[in-house]
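Next come the chains, spelled out residue by residue.
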Amino acid sequence: MLEPNIVLDHEIEHLIRDVHEVYGYDFSLYSKASFKRRVNRICLIDKFTSFAELRYKIVNNPDYLKRFIEEITVNVTEMFRDPHFFKALREKVLPQLGTYPLIRIWVAGCSTGEEAYSVAILLKEAGLYNKSLIYATDINPSVLETARSGIFPINQMKIYSENYILSGGEKDFSDYYTANYDSARFDKSLKEKMILSTHNLVSDSSFNSFQLIICRNVLIYFDKQLQERVFNLFDDSLENLGYLALGTKETLRFSRLQKHYQQLDDQKIWKKADHN
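One structure accompanies this document, and this report is about it. These figures come from a predicted structure and were not determined experimentally.

Observations regarding unusual backbone geometry
Then comes step 1: In this structure, Asn 217 is a non-glycine residue whose phi angle is positive, near 60°.
Then comes step 2: Note on placement: Asn 217 falls in the loop between β7 (210-215) and α9 (224-237).
Then comes step 3: One non-glycine residue with positive phi stands out, namely Leu 241, at about 70°.

Here it is in C-alpha cells:
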C-alpha cells in the first residue's frame with residue numbers, strides 16, 4: 001500500500017493531464033495542495049501499491065473514474081450549515097426576492113443536496129416556494145443521485161434540526177421528513193421546484209439568469225485564476241440587484257468584480273449593483 005504523501009508534484013501534473021485528455025475533466029486550476037491531499041487519500045483508501053497503478057486504473061477504467069471524481073470533488077455538507085448564514089437569507093434576502101414574479105436560485109456545487117433542501121424549506125416557510133425554481137448542480141453525477149433520492153442518514157437529523165432552529169426555523173423539523181430505520185426521507189414536495197443536473201464550473205457556461213446564486217465551500221479548492229473565472233460565470237448569470245452567497249472562507253474582496261458588489265453586513269453574501 002502506498003505511504004501517505006508519497007505522490008510527487010510532477011506525478012500529479014501527469015495525472016491531471018491524463019484525466020483532461022482522456023475524459024475532458026480539467027483539474028489544472030484546482031488548488032494543487034488540495035488535489036494532492038485527496039489523491040493521497042484515494043491511494044490509501046483503495047490500497048494502491050504505487051501511483052502508477054492508480055494512474056493506469058483511472059486512464060483505463062471509466063467506471064473507476066467516477067469514483068475518482070467523487071473523491072476529488074465531494075464536499076462535506078449538512079442541512080442549514082452555518083445557521084447564521086441561513087438566518088440572513090431568511091431575514092434579509094428572501095423578502096427582497098419575494099418582490100419578483102418568478103424566483104430563480106442556483107445552488108452551484110450542491111454535492112448531495114442538503115443545501116438545496118435547506119433552501120427549499122426556507123422558501124416554503126417564506127411563502128415563496130410555489131413561485132421559485134431551485135437549480136442544484138454539481139460536476140459529480142453520483143452525488144446528484146443522493147440529492148434526487150432525498151434520503152439522508154437518520155443520525156444526521158439531530159444536528160440538522162439544531163441548525164434549522166438556529167437559522168430561525170419555528171416548526172418541528174421532523175415535519176419535513178419520514179423516519180425509516182436508519183434513514184430519513186424528505187418530503188417529495190421539497191423536490192417539486194428543484195432541478196438537479198450536472199454542471200462543471202470549470203468548463204461549462206452560464207445557463208440561465210438568477211436572482212440568487214449560492215456556492216459555498218467549493219471555491220476554496222480552486223486557485224485564484226479559476227476562482228476569478230467562476231466569479232465571472234456567476235456575474236454573467238446573476239441579474240442586477242441579485243445576490244451571491246459564498247462559504248465562510250471565501251470572498252469577493254480581491255476579485256476584479258468586487259467594485260460591482262456590496263457585502264451584506266458580516267455575512268458572506270454580496271448584492272450586485274445595478275450596472276450594465
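Having seen the model, we can carry on.
A look at the packing of aromatic side chains
What characterises a pair of aromatic rings is the spacing of the ring centres plus the angle enclosed by the ring planes.
Then comes step 1: Counted by the stated rule, this structure contains 24 aromatic pairs.
Then comes step 2: Note on Phe 48 and Tyr 64: the rings are 5.8 Å apart at their centroids and 85° apart in plane angle, and the pair reads as edge-to-face. Taken together, the residues span a long stretch of sequence, with Phe 48 in the loop between α2 (32-45) and α3 (51-60) and Tyr 64 in helix α4 (residues 62-73) at a distance of 16 residues.
Then comes step 3: Using a relative accessible area of 7% as the deciding quantity, one classes Tyr 64 as buried.
Then comes step 4: Ring geometry for Tyr 177 versus Phe 186: centroids 5.5 Å apart, planes at 45°, classification tilted.

Observations regarding the sheet that holds strand β6 (residues 194-198)
Then comes step 1: Read across the sheet, 7 strands follow the order β6-β2-β1-β7-β8-β10-β9 without closing on themselves; strand pairing throughout is mixed. Each edge of the sheet is formed by a strand with only one pairing partner; in this case those strands are β6 and β9 (261-263). Here the strands of the sheet are splayed against their neighbours by 20° on average, with no regard to which way each runs.
Then comes step 2: In the sheet, strand β1 (residues 103-108) pairs with strand β2 (residues 132-138) via 6 bridges, with the strands oriented parallel. Residue Trp 106 lies in a different strand from β2, and its bridge partner there is Tyr 135.

Remarks on the packing of helix α1 (residues 9-23) against α2
Then comes step 1: One can describe the packing of α1 onto α2 by two numbers: an axis separation of 11 Å at closest approach and a directional angle of 90°. With respect to each other, α1 and α2 are oriented roughly perpendicular. Within the contact between the two elements, α1 uses Asp 9, Ile 12, Glu 13, Leu 15 and Ile 16 and α2 uses Lys 32, Phe 35, Lys 36 and Val 39.

Calculation rules
Residue numbers run consecutively from 1 along every chain, following the written order of its sequence. pLDDT decides what is reported in this predicted model: residues at 70 or higher carry local features, side-chain atom pairs at 80 or more are listed and counted, and totals for whole chains, interfaces and linings draw on all residues regardless. Side-chain descriptors were evaluated using all non-hydrogen atoms of the structure, hydrogens and water having been removed beforehand. Helix and strand definitions here come from DSSP, where helices need a minimum of 4 consecutive H or I residues and strands a minimum of 2 consecutive E residues; each element is numbered from the N-terminal end. Two rings from Phe, Tyr or Trp (for Trp, the six-membered ring) form a pair when their centres sit within 6.5 Å of each other. Planes less than 30 degrees apart are called stacked, planes more than 60 degrees apart edge-to-face, and all others tilted. We call a residue buried when its accessible area falls under 20% of the maximum for its residue type, exposed when it is over 50%, and partly exposed in between, using a 1.4 Å probe and counting protein chains only. Strand pairing is assigned whenever DSSP detects at least two bridges linking the two strands. Every angle, taken between N-to-C directions, lies between 0 and 180 degrees, and every axis is a line fitted to C-alpha atoms, over only the stretch in contact when it is a helix. Roughly parallel means an angle under 35 degrees; roughly antiparallel, over 145; roughly perpendicular, 65 to 115; everything else is oblique. Contacts are assigned to residue pairs that have any heavy atoms within 4.5 Å of one another.

All quantities given are derived from atomic positions and should not be read as evidence of function.
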